[in-house]
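# Summary of the model geometry
One letter stands for each residue in the lines below.
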Amino acid sequence: MGKIIAVANQKGGVGKTTTAVNLAACVAAKQRRVLLCDFDPQGNATSGFGATDQGKYTIYDVMVGAAEIGSAVLRTKWCDVIPASIDLAAAEVELATVEGRERRLKEALGRIKEDYDYIFIDCPPSLGVLTLNSLVACDTVLVPMQCEYYALEGLSQLVNSIRTVKRSLNPKIDIEGIVLTMYDGRTNLTIQVAEEIKKFFGEKVYSTVVPRNVRLSEAPSHGMPIIAYEKTSRGAEAYSAIADEFLRRNR
Ligand code: ADP
Ligand code: MG
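A quick note: this is a predicted structure, and the numbers were derived from the prediction, not measured. The numbers attached to residues start from 1 for each chain and follow its sequence in the written order. Here chains are named by letter from A upward and ligands by number from 1 upward, in the order in which they appear as written. Residue-level local features of this predicted model are given only where pLDDT is at least 70; pairs of side-chain atoms are given and counted only at 80 or more, and the full residue set underlies all totals for whole chains, interfaces and linings. Here the side-chain values reflect all heavy atoms present in the structure, with hydrogen atoms and water set aside.

## A few points about empty space enclosed by the protein
For clarity, the cut-off: Using only the protein atoms, space was sampled on a 1 Å grid; points where a 1.4 Å probe fits but cannot get out form cavities, open sets with protein on both sides within 12 Å along at least five of seven lines form pockets, and lining residues are those with an atom within 4 Å of a point. Grid points are joined across faces, edges and corners, and a volume is the space filled by probe spheres set on the points.
On inspection of all chains with the given rule, the structure shows one cavity of 30 Å³ or more. Of the voids in this model, the largest cavity is the one considered here, and its volume is about 30 Å³. If you trace the largest cavity, you find it lined by Asn 9, Lys 11, Val 14, Met 145, Gln 146, Glu 148 and Ala 151.

So this is what it looks like as structure tokens:
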């Protein structure tokens, strides 16, 4: 098997990393073999697993051909992680003249794909060469969305990028699902925007929503996913339910 899921949305702060880290940890806790590939130079998914400065190599080394992907994989208590750090930002420039640069991640992950049931890629908040690599490498795209006024505006760009990639570099790409994050069901705006998102994406929208939960924002500073930091929090319950829904949809 080895399904690759890009967690993407070119907007920052919508819950990509929180979703990638916690969904990966929750799916792993349900006895699946999981790898999380941090693909954002900010390295937030890496620190979210307490994996900063633990590895010799990062995904940058893999992208520029300085390391084998296997040697960049770290084992954490929850799942395997390929770390990223700020040098990944330079990969964009360094790869600019390299032929086939948009396939680099796909080729690298292809070498370890069979070792896992699911590989999640935490994408950066842009539609540059890094996100392009993720869209080429993945089977599906999971889109976290915050229910705020401009939520749908930037989304058409992501949908267009997916369409473009589908026409050329990755014909099989599909949308895995939409996860509504930082959801506040008491506000009319949230409810209205959620309705619009459902009109646009239909069945793709997960029925489980992630509420705003302060424990989710605290967990990364302790280097733990929410199920380890506070198992009984609403955030932990939500991501565990999203993992169930994810696995159900992938049966
Ligand atoms: P992205 O990766 O899309 O930039 P993050 O996952 O880093 O977004 O989330 C942005 C900020 O919001 C972070 O500080 C994170 O801890 C916080 N956050 C994310 N989801 C929630 C939530 N459900 N409740 C409370 N805070 C959240
Ligand atoms: Mg992030």
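## Some points on the packing of helix 7 (residues 151-167) against helix 8 (residues 188-201)
Which entries qualify depends on this criterion: All axes are obtained by fitting lines to C-alpha atoms, using only the stretch in contact for helices, and the reported angles, taken between N-to-C directions, cover 0 to 180 degrees. Each helix is a run of DSSP H or I of at least 4 residues and each strand a run of E of at least 2, with the numbering of both proceeding from the N terminus. Working definition: roughly parallel below 35 degrees, roughly antiparallel above 145 degrees, roughly perpendicular at 65 to 115 degrees, and oblique for all remaining angles. Helix crossings fall into two classes, left-handed where the near helix is turned counterclockwise from the far one by less than a right angle and right-handed where it is turned clockwise. Residue contacts are counted whenever heavy atoms from the two residues lie within 4.5 Å of one another. When residues are sorted by character, Ala, Val, Leu, Ile, Met, Phe, Trp, Tyr, Cys and Pro go into the nonpolar class, Asp, Glu, Lys and Arg into the charged class, and all the rest, Gly among them, into the polar class.
Where helix 7 contacts helix 8, the axes come no closer than 11 Å and their chain directions differ by 25°. On the basis of the axis angle, helix 7 is roughly parallel to helix 8. Seen from above, helix 7 lies across helix 8 with right-handed handedness. Contacts between helix 7 and helix 8 involve Ala 151, Leu 152, Leu 155 and Val 159 on the former and, on the latter, Val 193, Glu 196, Ile 197, Phe 200 and Phe 201. Residues that form the contact of helix 7 with helix 8 fall into these classes: eight nonpolar, no polar and one charged.

## Some remarks on the environment of Pro 171
One can find Pro 171 in the loop between helix 7 and strand 7 (174-181). Here the alpha-carbon distance between Pro 171 and Val 136, two residues 35 residues apart in the chain, equals 9.1 Å. With sequence-adjacent residues up to four places away left out, Pro 171 is seen in contact with Val 165 and Lys 166.

## Re the site of ligand 1
Condition: Working definition: residue near molecule or strand if any one of its non-hydrogen atoms lies within 4 Å of it. What qualifies as a polar contact is a pair of N or O atoms within 3.5 Å, subject to a donor-acceptor requirement within protein and to the restriction that residues adjacent in sequence count only when both atoms come from side chains. Here the accessible surface of atoms and residues is derived via Shrake-Rupley with a 1.4 Å probe, and residues count as covered only by protein chains that are part of the display. The way we define it, a molecule is inside a pocket or cavity when more than half of its atoms are within 2 Å of that pocket's grid points.
In the vicinity of ligand 1 there are 14 residues, among which Gly 13, Lys 16, Thr 17, Thr 18 and Asn 213 approach most closely. Val 14 has a polar backbone atom sitting 3.1 Å from an oxygen atom of ligand 1. Between ligand 1 and Pro 211, the relevant distance is 2.9 Å, taken from a nitrogen atom to a main-chain nitrogen or oxygen of the residue. Here ligand 1 has 550 Å² of accessible area as a free molecule, and 78% of this is covered by the chains. Taken atom by atom, the bulk of ligand 1 overlaps the largest pocket. Breaking the shell around ligand 1 down by element, the ones donating at least two residues are helix 1 (16-29) and helix 9 (214-218). Take the shell around ligand 1: its biggest share by element is three residues, from helix 1.

## Section: the layout of surface pockets
Here the largest pocket defines a volume of roughly 540 Å³. Together, 30 residues line the largest pocket, and Gly 15, Lys 16, Thr 17, Thr 18 and Met 182 are the ones closest to its centre. Elements supplying a minimum of two residues to the lining of the largest pocket: helix 1, helix 2 (44-48) and helix 9. A per-element tally of the lining of the largest pocket places helix 1 first, with five residues. Classifying every residue of the lining of the largest pocket by side-chain character gives 15 nonpolar, 12 polar and three charged. Its boundaries defined by the atoms lining it, the second largest pocket holds a volume of some 150 Å³. Lining the second largest pocket, in full, are Val 159, Ile 162, Arg 163, Lys 166, Ile 173, Asp 174, Ile 175, Phe 200 and Phe 201. Within the residue set of the lining of the second largest pocket, elements represented by two or more residues are helix 7, strand 7 and helix 8. For the lining of the second largest pocket, the element with the most residues is helix 7, which contributes four residues. Partitioned by chemical class, the residues of the lining of the second largest pocket number six nonpolar, no polar and three charged.

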